[in-house]
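Observations on the model geometry
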Amino acid sequence: MTSQRREKLRAAAELQREIHRRHGEDAPAVMAQAFAASAATRAQRTYREAMARNRGQRFSVNDLILPEKVLHPEETVLDVAVGGLSSDTFPLLLVTDRRIILTKDQPWRRWRILREAPAAEVLGAEVEPRMLGGRLRVRVREGGDIVLKLGALQRPEEVAALIRRLVAEGGAPQ
């Protein structure tokens, strides 16, 4: 490791300690907000802000490249639901101002879109509790529903409520 890189790591660690000293329990939220603010595109910024709302859940995804792989740079991510563990990763359901996207990180094809539907084709959404976890079902006008298997229900219910509100209001706010 070069001395320049070592110095950058030391500075980053010191900054992290300072944020923890200043903000205590709120430090993860402050760091997530700072990370979101550093984004180059609207898609990156809004995706990071939406993912920060999921920080209370136990999951781990390598999603740094997700906005570039899945989203248009000017697309706005309104919220994200994290699915239950599937094939060593956590699938995500993204609600944007343009569409609903079900995506999954796959080693041979990073962040592949499994299903998507334009916002105008979405009819509603609900969370279906099951014995273990549940399902977030997004009803689509044509074709099959978009279904995300869940491990936790609270955040996905918030996402389903957002989808229902958007459908009732005729689409995403501009």
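Because the structure is a prediction, the values reported are computed rather than measured.

Here we take up the sheet that holds strand E1 (residues 77–82). In a beta sheet, neighbouring strands are held together by backbone hydrogen bonds and run either parallel or antiparallel to one another. Strand order across the open sheet formed by four strands is E1-E2-E3-E4, with antiparallel pairing between neighbours. Each having just a single partner strand, E1 and strand E4 (109–118) make up the two edges of the open sheet. Strand-to-strand, the axes of this sheet are offset by a mean angle of 20 degrees, without reference to chain direction. Of the pairings in the sheet, the one linking strand E2 (residues 92–96) to strand E3 (residues 99–106) comprises four bridges and is antiparallel in character. Along E3, the bridge assignment pairs Val 95 with Ile 100.

This part takes up the sheet that holds strand E6 (residues 134–140). The strand order across the open sheet formed by three strands is E5-E6-E7, and the pairing between neighbours is antiparallel. Strands with a single pairing partner mark the edges of an open sheet, and in this sheet they are strand E5 (122–129) and strand E7 (146–150). Looking at each pair of strands side by side, their axes are set apart by 15 degrees on average, direction ignored. Where E6 lies against E7, five bridges are found, and the strand directions are antiparallel. Paired with Arg 135 across the strands is Lys 149, a residue of E7. Seen against the sheet, helix H5 (residues 154–169) touches E5, E6 and E7 and runs at an angle of roughly 155 degrees to E5.

Core analysis: the biggest nonpolar cluster contains 20 residues, and Leu 93, Val 95, Ile 100, Leu 136, Val 138, Ile 146 and Ile 163 have the highest contact counts within it. Here this core gets five residues from one element, more than from any other, and that element is H5. Those residues in contact with Ile 163, other than ones at most four positions away along the chain, are Leu 93, Val 95, Ile 100, Val 122, Gly 124, Ala 125 and Val 138. Residues Ala 43, Tyr 47, Val 80 and Trp 111 belong to the second largest nonpolar core, which totals 16 residues.

With that settled, the discussion passes to the environment of Thr 76. Tracing the backbone through its elements, the reader meets Thr 76 in the loop between helix H4 (66–70) and E1. Each C-alpha atom, one on Thr 76 and one on Thr 96, is 5.4 Å from the other, the two residues being 20 residues apart in sequence. Not counting chain neighbours up to four residues away, the residues in contact with Thr 76 comprise Arg 42, Thr 46, Val 95, Thr 96 and Asp 97.

Scanning all chains against the criterion turns up 18 salt bridges. Arg 137 is the salt-bridge partner of Asp 145, the closest N and O atoms lying 3.5 Å from each other. For Arg 155, the salt bridge is made with Glu 158, and the minimal N-O distance between the two is 2.4 Å. Note that Arg 155 and Glu 158 are positioned in helix H5 at a spacing of three residues, about one turn of the helix. It is possible to trace a salt-bridge network through shared partners that takes in Arg 53, Asp 79, Arg 155 and Glu 158.

Another aspect to go through is the side chain of Asp 79. Along the polypeptide, Asp 79 turns up in strand E1. The exposure class of Asp 79 is buried, given its relative accessible area of 7%. Separated by 2.5 Å, the side chains of Asp 79 and Arg 155 make a polar contact.

Cut-offs used in this document
- Residues numbered from 1 in each chain as written.
- Predicted model: local features only at pLDDT ≥ 70, side-chain atom pairs only at ≥ 80, totals over all residues.
- Heavy atoms only, no water.
- Pairing = 2+ DSSP bridges.
- Helix = DSSP H or I, 4+ residues; strand = E, 2+ residues; numbered from the N terminus.
- Axes fitted to C-alpha atoms, helices over the stretch in contact; angles between N-to-C directions.
- Contact = heavy atoms within 4.5 Å.
- Core = buried A, V, L, I, M, F, W, Y, C linked by side-chain atoms within 4.5 Å.
- Buried < 20%, exposed > 50% of the residue type's maximum accessible area, 1.4 Å probe, protein only.
- Salt bridge = Lys/Arg side-chain N within 4 Å of Asp/Glu carboxyl O.
- Polar contact = N/O pair within 3.5 Å; in protein donor to acceptor, adjacent residues only side chain to side chain.

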